[in-house]
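Architecture and fold: a report
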Amino acid sequence: MNQPIYFDNNATTAVSPSVFEAMVPYLTEHYGNASSAYRSGRVARAAVERAREQVADLLGCEPREVVFTGCATESDNAAISSALHTTGHRHVIVSAVEHSAIKNHAEHLERLGYGVTFLPVAGDGTLTVQQVAAALRPDTAIVSVMWANNETGVLFPVAEIGELCRARGVLFHTDAVQVVGKLPVNLAGLQVDFLSLSGHKFHAPKGVGALYVRRRAKFVPYLIGGHQEKGKRGGTENVPHLVGLGQAAVEAKRHLAAEAAAVLRLRDKLEHTVLEKIPDTFVNGHRQRRTPNTSSLAFAGLEAEALLLLLDQHNVSASAGSACTTGAVEISHVLKAMGVPPDRAVGTLRFSLSARNTEAEVDYVLGILPPLIAKLRAEKTGAVALKAKLAAGEKIV
Ligand SMILES: *Cc1c(COP(=O)(O)O)cnc(C)c1O
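Heads up: these notes are all about the structure in this document. None of the values given here were measured: they were computed from a predicted structure.

Remark: helix H3 (residues 72–87) packs on helix H4 (residues 100–111), axes separated minimally by 9 Å, with the N-to-C direction vectors making an angle of 35 degrees. Crossing hand, H3 versus H4: right-handed. Here H3 contributes Thr73, Asp76, Asn77, Ile80, Ser81 and Leu84 to the contact with H4, which in turn contributes Ala101, Ile102, His105 and Leu109. Within the contact of H3 with H4, the residues separate by chemical class into five nonpolar, four polar and one charged.

Overall, the coordinates contain two cavities of 30 Å³ or more when judged by the stated rule. In this structure, the largest cavity occupies an estimated 70 Å³ of space. Arg52, Pro63, Arg64, Val66, Val67, Glu229, Lys230 and Lys232 are the residues that line the largest cavity. Among the residues making up the lining of the largest cavity, the classes are represented as three nonpolar, no polar and five charged. Put simply, the parts of the chain that give the lining of the second largest cavity at least two residues each are strand S2 (66–69) and H3. Per-class residue counts for the lining of the second largest cavity are six nonpolar, one polar and three charged.

Evaluated as defined, the whole model comprises two aromatic pairs. Measuring from centroid to centroid gives 6.2 Å for Phe7 and Phe351, while their planes differ by 80 degrees, and the two rings are edge-to-face. With a gap of 344 residues between them, Phe7 in the loop between strand S1 (5–6) and helix H1 (17–28) and Phe351 in strand S15 (residues 348–352) connect regions that are remote in the sequence. Accessibility assignment for this pair places Phe7 and Phe351 in one class, buried. Arranged with centres 6.2 Å apart and planes meeting at 50 degrees, the rings of Phe194 and Phe219 form a pair that is tilted. A residue pair is termed long-range when its members are at least 10 positions apart, and Phe194 in strand S7 (residues 194–198) and Phe219 in the loop between strand S8 (209–213) and helix H7 (239–277) qualify at 25 residues. Among the residues examined, Phe194 registers a relative accessible area of 0% and is labelled buried.

Strand pairing in a sheet is mediated by backbone hydrogen bonds. Such pairs are either parallel or antiparallel. In space, the four strands of this open sheet follow the order S9-S10-S15-S12, with antiparallel pairing throughout. Across the chains shown, the open sheet's two edge strands, defined by having one partner strand only, are strand S9 (281–283) and strand S12 (319–320). Bridge analysis of strand S10 (residues 294–299) against S15 gives five bridges, and the strand direction is antiparallel. Paired with Ser295 across the strands is Phe351, a residue of S15. Packing against the sheet, H7 makes contact with S9, S10 and S15, and its axis sits at approximately 15 degrees to S10. Helix H8 (residues 304–313) contacts S10, S12 and S15 of the sheet and is inclined by roughly 45 degrees relative to S15.

Put simply, the largest pocket is a space of about 360 Å³. Residue lining of the largest pocket: 24 residues in total, with Gly181, His203, Glu259, Ser354 and Ala355 positioned closest to the centre. At the level of secondary structure, the elements contributing two or more residues to the lining of the largest pocket comprise H1 and H7. Ranked by residue count, the leading element in the lining of the largest pocket is H7, at eight residues.

Glancing now at the pairing of S2. Of the two faces of S2, both are covered, the one formed by Val66 and Phe68 as well as the one formed by Val67 and Thr69. In this sheet, S8 lies alongside S2 in antiparallel orientation, the contact comprising four bridges. Pairing of Thr69 across the sheet is with Gly209, part of S8.

The next subject is the nonpolar core. Counting 62 residues, the largest nonpolar core has Leu59, Val143 and Leu195 as its most contacted members. The leading source of residues in this core is helix H2 (residues 39–59), at eight residues. There are two domains that each give this core at least three residues, and those are domain 1 (5–11 + 256–391) and domain 2 (17–253). Judged by nonpolar contacts, the second largest core, of 34 residues, contains Ile5, Phe7, Leu266 and Leu372.

Another aspect to go through is H2. The terminal C-alpha atoms of H2 lie 31 Å apart, and with 21 residues this matches the ideal 30 Å at 1.5 Å per residue to within 8%. Buried within H2 we find Gly41, Ala44, Ala47, Val48, Ala51, Arg52, Val55, Ala56, Leu58 and Leu59. Positive backbone phi, at 70 degrees, marks Gly60, one or two positions downstream of H2.

Basis of the calculations
Residues numbered from 1 in each chain as written. Predicted model: local features only at pLDDT ≥ 70, side-chain atom pairs only at ≥ 80, totals over all residues. Heavy atoms only, no water. Axes fitted to C-alpha atoms, helices over the stretch in contact; angles between N-to-C directions. Helix = DSSP H or I, 4+ residues; strand = E, 2+ residues; numbered from the N terminus. Left-handed = near helix turned anticlockwise from the far one by under 90°. Contact = heavy atoms within 4.5 Å. Nonpolar A, V, L, I, M, F, W, Y, C, P; charged D, E, K, R; others polar. 1 Å grid on protein atoms, 1.4 Å probe; cavity = no way out; pocket = protein on both sides within 12 Å on 5 of 7 lines; lining within 4 Å. Points joined across faces, edges and corners; volume = space filled by probe spheres on them. Phe/Tyr/Trp six-rings, centres within 6.5 Å; stacked < 30°, edge-to-face > 60°. Buried < 20%, exposed > 50% of the residue type's maximum accessible area, 1.4 Å probe, protein only. Pairing = 2+ DSSP bridges. Core = buried A, V, L, I, M, F, W, Y, C linked by side-chain atoms within 4.5 Å. Domains from an automatic or database assignment. Expected span 1.5 Å × (residues − 1).

Below, the structure is given as structure tokens:
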């Protein structure tokens, strides 16, 4: 195949053509500051407020509950930081498998002297509401657990956790980056105080996100500056990107059900065939409680990073569950928390699909995977050695 095959949609997605088209006028003609009162400012303001309505419509909340941010990392940081300020409490509960936007912030807070509980997960990557209940303390400021895991797609029971937190008077945040645009979200029926999303994970550009802040939840800004976002987030509005985010939300809402079903069919074909054709292969994570696009596959007896390099030679993009740095292999904290045996963790490859992928692409990958895997297993070629060979100009496919 000459066309690149992109199976790394949990890392980022392609900007949709209609999103790009919607943005262009705000990069060229309507460059006014959305806070300015003259005509081009008013045009920009109207566009920002329309985007807010579009995102609110996707989430099932009120437009005034949507605070635009620069990325989901900012949204995640802002939610936890605000909860610590508004409650004055010094304990935070997160899961052991959060994205680094939560994990590294939580570890930073721990170093600053805050109490942090990292909830363990089961072997299939799941977490129960009882675990959260048992970890609550009188000084807990906030519970923050992701809705879906970016490495495995495993879903956490956010509806139940939200009910628990509301009943116990504790703030609840969920990082929903891997759910928004993939599965329906209806905040009207959820006891969630804060929810993070990122544009570039559902076909808007990078560098734009949002934080849902429930209307009655106390909130202090993370970026302190001007009065933008009704005082909830300083910084001149990134009008073109917000327009893109709004358009991506419209498209996600319109096509979500059909796309989720189509992606699920492709993912399952890929996964089932791999398991059937390639020995010593395992799925990481709960087989049902998962986002429809994600497959975390462990190929025992090889280095996934080496497999990635070979796949890249065939113009196929995926991602590895571990990183090889000069001989030593760093296993992802997610696979480690699940207790995935080292041999499987080192051999873990994540395929994350989108509705743009085709059956022909899946078939192509299914065709090349078995011989590549057999070769790596037989020759015991590691990623470091393979990189050296490629750098020397050797052709290895
Ligand atoms: C990508 C991702 C983020 C970070 O989003 P950015 O907008 O790139 O900062 C946070 N959480 C999860 C689960 C993600 O997949």
